[in-house]
Amino acid sequence: MPEYQSLYRKYRSQTFADLVGQDAASRALQGAIVSRRVAHAYLFSGSRGTGKTSAARLLAKALNCTGRGRDSAEPCNACQSCVEMTAGSALDLIEIDAASNRGIDEIRDLREKVNLAPALGPFKVYIIDEAHMLTEPAFNALLKTLEEPPGHIVFVLCTTDAQKIPLTVIGRCQQFVFRRHSEEQIASRLSYIAGTEKVSVDADAMALIARTAQGSMRDAVGLLDQLVPLASGPISLESARSLLGIADPRLLDSLLDDVLAGRAAEALTELNRVYAAGAELRQVVRGLMEGCRDRLVAALSKRDQTTARRLSSVLDALLHLDGEVRRHAEPRFLVEATLARLAVEAETGSATQPAVAAPVVEQVSPPPAPPSHEVGRRPAGGEVRGWSEGLEKLNRTVRAVYLDAQPEVDGSLLVLWFGYGVHHKKAQEQSAQLMPHVRAWLGDDAKIDYRLRDNDATKPAQRPASPEDDPFVREIVRRFDGRVTRVKEVSE
Ligand SMILES: [Zn+2]
């Protein structure tokens, strides 16, 4: 029996023409290859599943291809180098997964071997995947190599989080941003794959998969891969939905309407319809979170703070629910109870809440079931205001470093609690920028104490229940409406 090859691997782009949806990067890379002006280091950044590693491999393949025409960047996919690269056995293509062991040994190894000539072709290409996960020593070692790169070396750093790459490294790289794929691009690629695989998939079902994948071609092809063996005949929208456990987004939309409008009974009926149609509860909760987030973004862009505040507290509750649904023995009752409670709160809230918008967005009421460790630390309104006013005065880059911080004030001492080591460290490096504003706020003898949260002690909240549960992302949603579009979903 032949070894099963996933559709994603089988249909991974083997030519630049295949590289869907990344025209700018694709054109620039091809131009550099043809004109022999390839940079020593590239940084490919963008959401997961958008083709960064595929593009990096294509670059490597094209550079070492012996069958390539002079005026074309397309690899021949037939010469020894191409064949080995496709098979993953090429010695001149070294892939380092920084996520698996933070890259310490590999980078050390790299420094030792970087001066050795390539085995077969003119170039040795290092692809460092999830490069933002490299440790500081690994980055330092890499930087030393980037400062004096041997002529035969090309580095491609791929990352879903370019902000975590040190600026000194970014400065040495040519950067390309990989965009999320549009639903049309995904659907069109899926149609091609389905056609080649001789599987019949309705256009509606294709569109559903494309939407569910949220811009990630890899996820989309992965979903198709799950569907194909399960379906006995042509794949219809209904069968795609029930096989993938995805709720009809229109039903979810009306469910969310009911919850937000305080119609508890209708919400429960709607939930049962969604459930009866075969939707998985986690997908239901995720769908509600997406709908809620879309509405939150819309409210923020209209500066409708009352609605934004309400939606952000509903979103908080859904995020919490998303984490609970996985562990709970009776998730259905949990979802029902949460939605009913939110609906009831919406009803009573709209009856008693004054129509005037509160002046400070940060004074969001805590989520209904706040993680216990936050209770004692939630700062008073005045602290929050003094802190956010100080933040506003920083430039954007510096400010980003402090977004994760939770302030506590004790006389002239400002304690900043950080959830992430990287922010904790960077914040201290940027302290000189913040200090004048803290002095203006707390007086000339003001001091700042930078503290990193003990992650073990705060595990329930510090391990985000879902990607959107990331406190950093949530702070951005709350504080910087202009940057809310950068919230991204990265599934496990
Ligand atoms: Zn070739």
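Cut-offs used in this document
- Residues numbered from 1 in each chain as written.
- Predicted model: local features only at pLDDT ≥ 70, side-chain atom pairs only at ≥ 80, totals over all residues.
- Buried ≥ 20, exposed ≤ 12 C-beta atoms within 10 Å, placed from the backbone.
- Helix = DSSP H or I, 4+ residues; strand = E, 2+ residues; numbered from the N terminus.
- Arc of directions from axis to C-beta.
- Pairing = 2+ DSSP bridges.
- Axes fitted to C-alpha atoms, helices over the stretch in contact; angles between N-to-C directions.
- Contact = placed C-beta atoms within 7 Å.
- pLDDT = per-residue confidence, 0-100.
- Core = buried A, V, L, I, M, F, W, Y, C linked by C-beta atoms within 7 Å.
- Domains from an automatic or database assignment.
- Parallel < 35°, antiparallel > 145°, perpendicular 65-115°, else oblique.
- Left-handed = near helix turned anticlockwise from the far one by under 90°.
- Nonpolar A, V, L, I, M, F, W, Y, C, P; charged D, E, K, R; others polar.

Trainee: I would appreciate a short explanation of helix α6 (residues 104-113) in the present structure.
Mentor: Helical geometry note: an α-helix holds 3.6 residues per turn, so side chains three or four residues apart project in the same direction. All of the buried residues along α6 are E106, I107 and L110. Looking straight down α6, one finds its buried side chains confined to an arc of 95°; they lie on one side. Turned more than 90 degrees from where α6 packs its buried face, D105 and E112 sit exposed.

Trainee: Whenever I open this one, the sheet that holds strand β7 (residues 413-418) confuses me. Can you help?
Mentor: Taken together, the three strands give an open sheet; going across it, the order is β6-β7-β8, and neighbouring strands pair in mixed fashion. The strands lining the two open edges of the sheet, one partner per strand, are β6 (406-410) and β8 (447-452). Averaged over neighbouring strand pairs, the angle between their axes works out to 20° when direction is ignored. In the packing of helix α21 (residues 421-429) onto the sheet, contacts are made with β7 and β8, and the angle to β8 comes to roughly 160°. In the packing of helix α22 (residues 431-442) onto the sheet, the strands contacted are β6, β7 and β8, and the crossing angle to β8 comes to about 125°.

Trainee: How should the confidence of the model for the protein chain be read in this particular structure?
Mentor: Caution applies to low-pLDDT regions: their predicted coordinates should not be interpreted in detail. The share of residues in the protein chain with pLDDT of 70 or more is 83%, and the mean pLDDT across the chain is 81. Residue range residues 350-379 is modelled with pLDDT below 50. Its contacts to residues more than four positions away, or to other chains, number 43 contacts. In the predicted structure, residues 479-492 sits below a pLDDT of 50 and forms 22 contacts with residues beyond four places in sequence or in another chain.

Trainee: I would appreciate a short explanation of the nonpolar core in the present structure.
Mentor: When a protein is soluble and globular, its nonpolar side chains tend to lie buried together. With 54 residues, the main nonpolar core has I209, A220 and L318 as its most contacted residues. Considering every element that reaches this core, the biggest residue donor is helix α16 (residues 305-327), with nine residues. Looking at this core, you find at least three residues from each of domain 2 (183-244) and domain 3 (249-352). In this structure, A220 is in contact with I186, L190, I209, A210 and A213, ignoring residues within four places of it in sequence. In this structure, A55, A90, L93 and F155 belong to the second largest nonpolar core, which totals 45 residues.

Trainee: Sorry, what's going on with helix α12 (residues 237-244) here?
Mentor: Buried within α12 are the following residues: A240, R241 and L244. End-on view of α12: buried residues confined to an arc of 100°, all on one side of the axis. Positive backbone phi, approximately 65°, marks G245, located one or two places after α12.

Trainee: I keep staring at unusual backbone geometry and nothing clicks. Help me out?
Mentor: What you tend to see is this: most non-glycine residues have negative phi, and most peptide bonds are trans. Residues other than glycine seldom take positive phi values, yet R36 does so here, at roughly 55°. Its place among the elements puts R36 in the loop between α2 (23-34) and β1 (41-46). Positive phi outside glycine occurs at E130, with the angle close to 50°. The residue E130 is located in the loop between β3 (124-129) and α7 (136-147) in this model.

Trainee: Before we go on, may I ask you to explain the sheet that holds strand β2 (residues 93-97) in this structure?
Mentor: For sheets, the rule is that strands pair by backbone hydrogen bonds, running either parallel or antiparallel. The five strands are arranged β2-β3-β4-β1-β5 in an open sheet whose pairing can be described as parallel. The open sheet is flanked by β2 and β5 (174-178), the only strands paired with a single partner. When the angles between neighbouring strand axes are averaged without regard to direction, this sheet yields 15°. In the packing of helix α3 (residues 52-64) onto the sheet, the strands contacted are β1, β2, β3, β4 (153-159) and β5, and the crossing angle to β3 comes to about 175°.

Trainee: Whenever I open this one, the pairing of β6 confuses me. Can you help?
Mentor: Along any regular strand the residues' side chains alternate between the sheet's two faces. Here five bridges tie β6 to β7, and the two strands are oriented antiparallel to one another. Bridge pairing in β7 places V409 opposite L414. Where β6 folds back on β7, the antiparallel hairpin that results is connected by two residues, among which G411 adopts a positive phi of roughly 60°.

Trainee: Would you mind going over the packing of helix α13 (residues 249-260) against helix α14 (residues 264-276) with me for this structure?
Mentor: A pair of packed helices can be characterised by two numbers: the angle between their axes and the separation between those axes. Following both chains from N to C, one finds α13 and α14 inclined at 160°, their axes separated by 8 Å at the closest point. The angle between the axes of α13 and α14 places the two elements in the roughly antiparallel class. With respect to the hand of their crossing, α13 and α14 are arranged in left-handed fashion. Counted together, L251, L252, S254, L255, D258 and V259 of α13 and E266, A267, E270, L271, R273 and V274 of α14 form the full contact between these two elements. For the contact of α13 with α14, a count of residues per class yields seven nonpolar, one polar and four charged.

Trainee: Help me out: how do you make sense of the environment of G51 in this one?
Mentor: Within the secondary structure, G51 is located in the loop between β1 and α3. On the neighbour-count criterion, G51 (26 C-beta atoms within 10 Å) is buried. Between the C-alpha atom of G51 and that of S216, which follows or precedes it by 165 residues, the distance is 8.6 Å. Contacts of G51, omitting those with residues within four sequence positions, involve S13, L19, Q22, F178 and M217.

Trainee: What is the right way to read the environment of M289 from this model?
Mentor: Among the structural elements, M289 can be located in helix α15 (residues 281-301). Looking at M289, the number of C-beta atoms within 10 Å reads 22, which means it is buried. Taking the C-alpha atoms as reference, M289 lies 6.1 Å from L315; in sequence the two are 26 residues apart.

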